[in-house]
Each structure stands twice: as structure tokens, then as C-alpha cells.
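Coordinate analysis (summary)
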Amino acid sequence: QSHRDTYRFDVVNIGTQALGNHFASLRDEFVDAYRSGDIHRAREVGDMMLALIDDIDALAACEPQLRLDRWLDDAAACASTPEEVPYYTRNARTLISIWGLQTSIRDYASRLWSGFVDSYCKPRWEMFIEEILSCIAENRAYDEVAFFERLEAFENAWATQDQTIEYRSSGDFRQLSYDALEKYGL
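A short tour of the structure in this document, coming up. Once a new chain begins, its residue numbering starts again from 1 and follows that chain's sequence as written. Under the rules for a predicted model, residues below a pLDDT of 70 receive no local features and side-chain atom pairs below 80 are neither given nor counted, while totals for whole chains, interfaces and linings still include all residues. Side-chain measures were taken over the full set of non-hydrogen atoms in the model, leaving aside hydrogen atoms and water.

Remarks on the packing of helix α1 (residues 5-36) against helix α5 (residues 116-137)
What describes two packed helices is the angle between their axes and the distance between those same axes. Where α1 contacts α5, the two axes come as close as 10 Å, and the packing angle between them is 20°. With respect to α5, the element α1 is oriented roughly parallel. Here α1 and α5 pass one another in a crossing that is left-handed. Where α1 approaches α5, its residues Phe23, Arg27, Phe30, Ala33 and Tyr34 are matched on the opposing element by Trp125, Phe128, Ile129, Ile132, Cys135 and Ile136. Residue composition of the contact of α1 with α5, grouped by class: 10 nonpolar, no polar and 1 charged. Angular values range over 0 to 180 degrees, each being the angle between N-to-C directions of two axes fitted as lines to C-alpha atoms, with helices fitted over their stretch in contact. Where helices and strands are cited, they refer to DSSP runs of H or I of at least four residues and of E of at least two residues respectively, numbered from the N terminus. For classification, angles of less than 35 degrees are called roughly parallel, those exceeding 145 degrees roughly antiparallel, those between 65 and 115 degrees roughly perpendicular, and all remaining angles oblique. Handedness of a helix crossing follows the sense of rotation of the near helix relative to the far helix, less than a right angle counterclockwise being left-handed and clockwise being right-handed. Any two residues whose heavy atoms approach within 4.5 Å are treated as being in contact. The nonpolar class holds Ala, Val, Leu, Ile, Met, Phe, Trp, Tyr, Cys and Pro. Asp, Glu, Lys and Arg form the charged class, and all remaining residues, Gly among them, are polar.

Some points on a nonpolar patch on the surface
On the surface, Leu95, Trp99 and Tyr108 cluster together to form a nonpolar patch covering roughly 320 Å² of accessible area. When you line up the elements, tyrosine 108 lands in the loop between α4 (85-96) and α5. To count toward a patch, a residue needs a relative accessible area over 30% and no salt bridge; like charges are then connected within 9 Å, while nonpolar side chains (Val, Leu, Ile, Met, Phe, Trp, Tyr) are connected within 5 Å. Here, Shrake-Rupley sampling with a 1.4 Å probe gives the accessible areas, and only protein chains in the shown set may cover a residue. Salt bridge, as applied in this entry: a Lys or Arg side-chain nitrogen positioned within 4 Å of an Asp or Glu carboxyl oxygen.

What about the packing of aromatic side chains?
Each Phe, Tyr or Trp ring (for Trp, its six-membered ring) is paired with any other whose centre lies within 6.5 Å, and the angle between the two planes then decides the class: stacked below 30 degrees, edge-to-face above 60, tilted in between. Applying the stated criterion across every chain, the model contains 14 aromatic pairs. Where phenylalanine 116 meets tryptophan 158, the ring centres are 5.5 Å apart and the plane angle is 75°; that geometry is what we call edge-to-face. Here the residue phenylalanine 116 occupies a position in helix α5, and tryptophan 158 occupies one in helix α6 (residues 144-160), the gap between them amounting to 42 residues. No difference in accessibility class separates phenylalanine 116 from tryptophan 158, as the two residues are buried. A centroid spacing of 5.8 Å and a plane angle of 90° characterise the contact between phenylalanine 128 and tyrosine 142, whose relative ring orientation is edge-to-face. Of this pair, phenylalanine 128 sits in helix α5 while tyrosine 142 sits in the loop between α5 and α6; the two residues are 14 residues apart in sequence, bridging distant segments of the chain. Take phenylalanine 128: its relative accessible area is 17%, and that puts it in the buried class. Among the aromatic residues, ring-to-ring pairing joins Phe23, Phe30, Trp125, Phe128, Tyr142, Phe147 and Phe148 into one connected group. In this analysis the charged atom, NZ for Lys or CZ for Arg, is taken to sit over a ring once it is within 6 Å of the ring centre and within 35 degrees of the ring normal. Geometry around tryptophan 158 places arginine 93 over its ring, the cationic atom sitting 5.0 Å from the centre. Using a 1.4 Å probe on the protein chains alone, a residue whose accessible area is under 20% of its type maximum counts as buried, one over 50% counts as exposed, and one in between counts as partly exposed.

Here you go:
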């Protein structure tokens, strides 16, 4: 039944979830490297985390239901006039990112959607990895409050922007799945 859309959806959806679960183990390795002050290991694991994010985004791009552009297009379609489009698309972005003004529930409805992973999740992790590497290099403690202020500025800007997001083209979901199995041993 591999020709059916439900098969593709299942393979891509389960694959992105498995990759996302693997990301958590890399994140834990990254934290361990920070705690031990091992900048080389932290840099290596940080690079692996960012590569994994790219692989998640590429696999998700294979399934139309797992693409940010679909979500934003559906939101824009709710508008009665062209002037209302930014209102609906900003609300759609907010729902999957910052949720609202309460920082305690950020990521509440986040998704492993192509476009979202690349334009929102990856820059946030890049910021975090760079901050941690800088802390190790400068032998200083991680200032969570200061970091979250910078992160919040990025998140709010992303959620309220009206700019078009560049999307990855869809690849062969089977090949990308096999590649991920081989690369990550999942």
C-alpha cells in the first residue's frame, strides 16, 4: 500500500517524531558537555543537533500536512479581505510558537513542520548553542534570564512578521527515511 497518501503521512510523521526523540538525547549530551566544560564535545554535539534539525525539516517537507505553508495558507484563507490576511497569519504563527504573552506556555502547540522547524526552531537552537559555547569559552555561567530575553525578542519577531518564509522542496520520503535510519541508527 506504499502508493497511498496515508502511508506517506505515517512514514513521515513517525519519522519526524523519531528524529525529534533522538534530538532530546543529543540535547542531553550537549548539556553534559557544557557541565563538564568540554567545548570540543559541545561544539561537535551542537553541530549534530543542527544537522538533525535540518533532517527533520527535510523529511517533514515530504508531507503536505506537515508543512508550515499549508497552515499559513489555511489561515490566510479565513480572511474576508486582503487586509485581514496578516491578522490571520500572525495568529496562526502565534498559536504554534509563543501562544500568547505568557512565556510559561511557549511551545505549547509547536509542531515538527517543515518551514517551522527551519525558520523558528533552528534559529532558537543556534542561539542557545552559540550562547553555551560562549559560556564555556569564556568560563562564565549561563545566564538563563538574559538568554531568554534575547530568545523572546526573536520569538515575538517571528510570530508577528508578515514576511514570506522560504520552504524546502519535497524530497523522496522513502529515501530520506532510509537515510535517517542509517545515519541515526533509529
